[in-house]
Every structure is written in C-alpha cells, then in structure tokens.
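These are the residues of each chain, in order.
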Amino acid sequence: MAGINNYSSLKFQAERGLHDDHHEKEHRARDLHLPTTSSPSKHLGSSIDSREKLIVDNIIADQDALNRIKYVDSDNALSLPLGKHKVLDKYSDNQDDDTSVRKYLVVGVQWFSLVTENLLSHPFIVLRRQCQVYNASRRYHLHPFQLLPSIVHLHRRQGLTTLWKGVGSCLLVRGMTLAIDDFISKLTSWPKDVDSRTTLKRFGQHILLKCISISLVVPYHAASLVETVQSDIASEKPGLFDVFREGSLRLFYWSSPQKGRMLPAWALIGPSVSFGITKYLFNLVIRGVSSRIMRRRITNSQESQSGKYQDNTLEHQNAEIYASLIAILTTEVIFFPFETILHRLQLQGTRTIIDNLDNGYDVVPILTNYQGVVDCYQTTIVSEGICGLYKGFGAMILQFAAHIAVIKLAKWVVNRIAEVKSNRPPQRIVQYYNLDGIACNSRSTTLSPSLSSTEIEENSLGQNSLD
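Rules behind the numbers
Residues numbered from 1 in each chain as written. Predicted model: local features only at pLDDT ≥ 70, side-chain atom pairs only at ≥ 80, totals over all residues. Heavy atoms only, no water. Helix = DSSP H or I, 4+ residues; strand = E, 2+ residues; numbered from the N terminus. Buried < 20%, exposed > 50% of the residue type's maximum accessible area, 1.4 Å probe, protein only. Contact = heavy atoms within 4.5 Å. Areas by Shrake-Rupley, 256 points an atom, 1.4 Å probe, with all protein chains shown as cover. Salt bridge = Lys/Arg side-chain N within 4 Å of Asp/Glu carboxyl O. Expected span 1.5 Å × (residues − 1). Arc of directions from axis to C-beta. Core = buried A, V, L, I, M, F, W, Y, C linked by side-chain atoms within 4.5 Å. Polar contact = N/O pair within 3.5 Å; in protein donor to acceptor, adjacent residues only side chain to side chain. Patch = residues over 30% accessible without salt bridge, like charges linked within 9 Å, V, L, I, M, F, W, Y side chains within 5 Å. Phe/Tyr/Trp six-rings, centres within 6.5 Å; stacked < 30°, edge-to-face > 60°. Axes fitted to C-alpha atoms, helices over the stretch in contact; angles between N-to-C directions. Parallel < 35°, antiparallel > 145°, perpendicular 65-115°, else oblique. Nonpolar A, V, L, I, M, F, W, Y, C, P; charged D, E, K, R; others polar. Left-handed = near helix turned anticlockwise from the far one by under 90°.

Colleague: Just give me the short version of the overall build of the protein chain, but keep the residues and values in it.
Modeller: Of regular secondary structure, the protein chain possesses 15 helices and 4 strands. Residue burial in the protein chain is summarised as follows: out of 467 residues, 39% are buried. For the protein chain, restricting intrachain contacts to residue pairs at least 6 apart in sequence, the fraction spanning at least 24 positions comes to 78%. Summed over all atoms, the accessible surface of the protein chain reaches about 26700 Å², with 59% contributed by carbon and sulfur.

Colleague: Please set out the pattern of salt bridges residue by residue, giving values where relevant.
Modeller: One pass over the structure, following the stated rule, counts 12 salt bridges. In this structure, Arg 128 engages Glu 332 in a salt bridge whose closest nitrogen and oxygen atoms are separated by 2.5 Å. With Arg 128 in helix α4 (residues 122–133) and Glu 332 in helix α10 (residues 313–334), this pair connects stretches of sequence that are 204 residues apart. For the pair formed by Arg 128 and Glu 332, the shared burial category is buried.

Colleague: Give a detailed account of helix α6 (residues 167–188), specifying residues and quantitative values.
Modeller: Taking 1.5 Å of rise per residue, the 22 residues of α6 would be expected to cover 32 Å, and the 32 Å separating its terminal C-alpha atoms lies within 8% of that figure. Where α6 is concerned, the buried positions are Ser 169, Cys 170, Val 173, Met 176, Ile 180, Asp 181, Ile 184 and Ser 185. The buried residues of α6 occupy one face: seen down the axis, they fall within an arc of 165 degrees. In α6, the exposed residues that point more than 90 degrees away from the buried face are Leu 178, Phe 183 and Lys 186. If you follow the buried residues of α6, they end up packed against α4, α7 (200–229) and α8 (242–251). In the segment just after α6, Ser 189 is the residue with positive phi, at about 60 degrees.

Colleague: So, the nonpolar core: which residues are in play, and what are the values?
Modeller: Counting residues in each nonpolar core, the largest one holds 11 residues, listed as Val 173, Met 176, Ile 180, Ile 184, Trp 190, Leu 209, Val 217, Tyr 220, Ala 223, Val 243 and Leu 251. When residues of this core are traced back to their parent elements, those giving at least two are α6, α7 and α8. Those residues in contact with Val 173, other than ones at most four positions away along the chain, are Val 217, Tyr 220, His 221, Ser 224 and Val 243.

Colleague: With reference to specific residues and values, describe the side chain of Glu 339.
Modeller: As for its position among the elements, Glu 339 is in helix α11 (residues 336–347). Its relative accessible area of 10% is what places Glu 339 among the buried residues. Of the polar contacts made by the side chain of Glu 339, one reaches the side chain of Gln 132; its length is 3.1 Å. Apart from residues lying up to four places away in sequence, Glu 339 is in contact with Arg 128, Gln 132, Phe 275, Lys 279 and Glu 332.

Colleague: I'd love a proper account of helix α12 (residues 373–384), names of residues and values included.
Modeller: Residue pairs three or four apart in sequence face the same way in an α-helix, which turns once every 3.6 residues. Taking 1.5 Å of rise per residue, 12 residues should cover 16 Å, and α12 covers 16 Å from first to last C-alpha, within 8% of that figure. For α12, the secondary structure elements touched by its buried residues are α11. Looking one or two places after α12, you find Gly 385, whose phi comes out positive at around 85 degrees.

Colleague: Can you tell me about a nonpolar patch on the surface, naming the residues and giving the values?
Modeller: On the surface, a cluster of nonpolar side chains totalling about 480 Å² of accessible area is made up of Val 115, Leu 119, Leu 120, Leu 160, Trp 164 and Leu 171. Here Trp 164 shows up in the loop between α5 (144–158) and α6.

Colleague: Residue-level account of the packing of aromatic side chains, with values.
Modeller: Under the definition given, this model contains 8 aromatic pairs. Ring centres of Phe 241 and Phe 244 lie 6.1 Å apart, and the angle between their planes is 20 degrees; this geometry places the pair in the stacked category. Here Phe 336 and Phe 393 contribute two aromatic rings whose centre-to-centre distance is 5.6 Å and whose plane-to-plane angle is 75 degrees, an arrangement assigned as edge-to-face. Highlighted residues: Phe 336 in helix α11 and Phe 393 in helix α13 (residues 393–422), separated in sequence by 57 residues. With respect to burial, Phe 336 and Phe 393 carry one shared label: buried. An aromatic cluster is defined as three or more aromatic residues linked by ring pairs; in this entry it consists of Phe 275, Phe 282, Phe 335 and Phe 338.

Colleague: How would you explain the packing of α4 against α11 if you had to name every residue and give the values?
Modeller: Between α4 and α11, the shortest axis-to-axis distance is 9 Å and the interhelical angle comes to 75 degrees. By the criterion of interaxial angle, the relationship of α4 to α11 is roughly perpendicular. Here α4 contributes Arg 128, Arg 129, Gln 132 and Val 133 to the contact with α11, which in turn contributes Phe 336, Glu 339, Thr 340, His 343, Arg 344 and Leu 347. Split into classes, the residues belonging to the contact of α4 with α11 amount to 3 nonpolar, 3 polar and 4 charged.

Colleague: I'd like to hear about the environment of Leu 114, residue by residue, with values.
Modeller: The topology assignment puts Leu 114 in helix α3 (residues 86–120). Considered as a pair, Leu 114 and Ile 321 are 207 residues apart in the sequence and their alpha carbons are 9.9 Å apart.

Colleague: Could you give an account of the environment of Gly 247, with specific residues and numbers?
Modeller: Assignment of secondary structure puts Gly 247 in helix α8. Judged by relative accessible area, Gly 247 falls into the buried class, the value being 0%. Each C-alpha atom, one on Gly 247 and one on Leu 216, is 9.9 Å from the other, the two residues being 31 residues apart in sequence. When near neighbours in sequence (up to four residues on either side) are disregarded, Gly 247 contacts Pro 219, Tyr 220 and Ala 223.

Colleague: I'd like a rundown of the packing of helix α9 (residues 265–304) against α11, residues and numbers included.
Modeller: The interhelical angle for the contact between α9 and α11, taken along N-to-C directions, is 155 degrees, at an axis separation of 11 Å. One element, α9, and the other, α11, form an angle in the roughly antiparallel class. The handedness of the crossing between α9 and α11 comes out as left-handed. Residue-level contacts link Leu 268, Pro 271, Ser 272, Phe 275 and Lys 279 of α9 to Phe 338, Glu 339, Leu 342, Leu 345 and Gln 346 of α11. Split by residue class, the contact of α9 with α11 holds 6 nonpolar, 2 polar and 2 charged.

Listed below in structure tokens is the structure:
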C-alpha cells in the first residue's frame, strides 16, 4: 500500500501542477490582450516581449511538471485508484527487465570470449608452433599470405581436423594449471588472483604461487606441445590422457634420459618459469593500463551527457574484454622470440615428425642438438638470422585477426539483443505553441525510455504539456 500511495501522490501533485500552470498561462494571456493607453508601437513591442516571455514560461512550467513526476517526495504520498499507476508500474518493470537482460548479456559475452580464446584460436596456434620448431624451413611465414597455400594443401591432404590436433591436451594442461593454483591457494592461503588493492606481501605470495604452478606443469606442457605439432599421417594419434603419462615420465627423469638429445626436466624448469612469470607480469601491467584508460573514457562520456545516469555495465565489460585482448596481443608480439626458443628446447629429443609447411604436402623430422637457452639463441641467429626467431608470425596475425572479428560480431549481436529487449522509443520533437497558434522550436524531449507517446496521451500527461 505504501508503494500505491507513493505513486498516487506523484500523479496527484503532477496533475495539480499542470492544472495550476494551465490557469496561470490563461490569466497571462488575458492580461496580454487588455487595452492600454500607450502608443501602438510601444504596445506592439511590449506584446512581443510578453509573448517571448510566455513561451519561455511554458517551457519552464512543463519541465517543472516533469520534474515533479520524477522527483516528488514519497513521504507526502496520497492515495489514488490503483489503475492510475499502470504506466509508472510498467516503467519500473521495464527497468528491472532491462537490468536483468544486461546481466545475462554480460555473462554471455564472458563465456563467448573464453570460448574464442581457448578453442577458436587453436588452429592458428597449431600452425604457429609448427613454424616455430621447424629450424630447417626455407619459408619463415612472417605474413599470412605465405601461409595460406600451405593451409589449403594441408586441408586437401589431411582434412580440416589436422588443425585441431592436440586441442584436448591443451585444455587438460590449462585445467591442470588452474587446479594446481587452487590447491596451493587453499593449502597456503596465498592469493591466486590479484587486483589494484592487493598488498605487496600478498602480491609476492601470488608470484611465488605462480612459480610453483608453472614449474609443476612444464613437463606436461612439453608433452602437449608434441601432440600439437606432430603430423597425423606420420604418427599415431595419442589418447586423451596420454599427456599425463608422457608428462609424468619426463617429470621424474631428473638426469639425462636415454632418448638421445632430450633435455632433462631441471634444464627446462628454469627457462620456463622465467619466461612464464615475466610474460605474466607484463600482461598484468598492459591489461591494467588499458582497462583504466577505457574506463576513464566511459566515465568522461557519461559526465559529458549532462550528468544523466546510464547503466554502463555492458560497456565496462566490453572495455575489460578489449583490454584483455590488447594485453594478450602486445605480450605475444614482444615475447614471440623467447617462445620460439623455449618450444625448440622442449621438443628436442622427442623424435617428433611434423608437417612441412614450406609446401604443405610432405613431412619432416625435427633434429636439433641445443645445449641450453643461450646455445639455442646463438645457433638460431647464426643459421637462420634474426627472422628465424619470428618464424610463424603470420599465423599469429591470422589468430588475432580472427579473434577481433569474432569479438566484433559478438558485440554487434549483443547490442542488437539489448536494443530489442530494452524497447526504447526514439526521441520525439515536442513543439510549444504561443497564443496565436505559431509553433516554436524546442529541444527534443522524452519522459522516460520506457514510456511511449500513446501511454502518455492516455494518462493526460502529453496533452497538458502541449497547451
């Protein structure tokens, strides 16, 4: 009953304000046409000034009436019939529905971005890694156009599924990383996530947690790399959980194993942890800076719109997605040479046969004999040049081009859904008339984004504002 009384008081005071303003305008008009003893020119000048003043008073009175409808105090509520509040009840329901729709859209965008990052990018990751580990290739594939003929030949020879090999092991390794982070966090109470309010001590604990997690996952990541780059026509297809078996065997081989030139686990943990932590910290910095810049732009845009409140939840979510994409793109470009060296060290001695991306038809074995990170870097520079560290860079360009296109498409779909669900009518031009029936230009106004002009006329709000 309190809500009904509030709406009743709101409606009653608004109608009373409009009624009083209407009578006041009639009295002013009557006074305007009274005969006077002044000269005709002076009477004409005063009449024009009075009419201009009357037009301004009409606009101010209508704006005051609208403000009474919006901001009347709920403590001064009076009772009116329940049917009088259908429009305002519908407005409140539409606002709640709009908030609920935006919440579901935000969750949908989050899941769509997650699927794009982990699944849709996998074919380009396969191409990129195959180019990185092939030290004897004649083509470096620095731009996408060199890579397109090889992709066509692979598709014709092996089918489209050849670009999805190793996707199961990659997802398992990522899930293992998250599980290890969660286990260590519960065991030691170290934070597995950080933000701008995290203290320096907690941040150091978080970095230590990441170091332990990366060091434990290194052998399994190497096993997943093998499944990603090996050729389907020259190797047996691995089982779903073979990545755990191969990774465990490599984890417990702390001395040099009997597989020829394969590096022991301790020789890979140091470079992997250094590479992983540096890349993670750089990603955090770029993402934080990009997110703050975009949020500041959204806030400034809202303040420039006369201080009107807007629900910017979806805009902030889009800003976070784009900030994450910018951070990933920048990080991958800068750390691409280090990733090439690390992948070559992890694949050495595994007797892996990969597809030859120089032509896309035959297969080649990977035969290297690096002694460590420094030796791999020096050998690559001497035999392949600086560009040898960027082999497969064209595949990464294709990856992020597809990623951006998918995000653009998702944003367009979400905006269309939001527009349909919100059901906001366009702004209408409201004309104010003076006593002679001459239309006066005024700014476009709308009562609310959820009230249509037909509903306003049915409740006598639009008629009073146009008198």
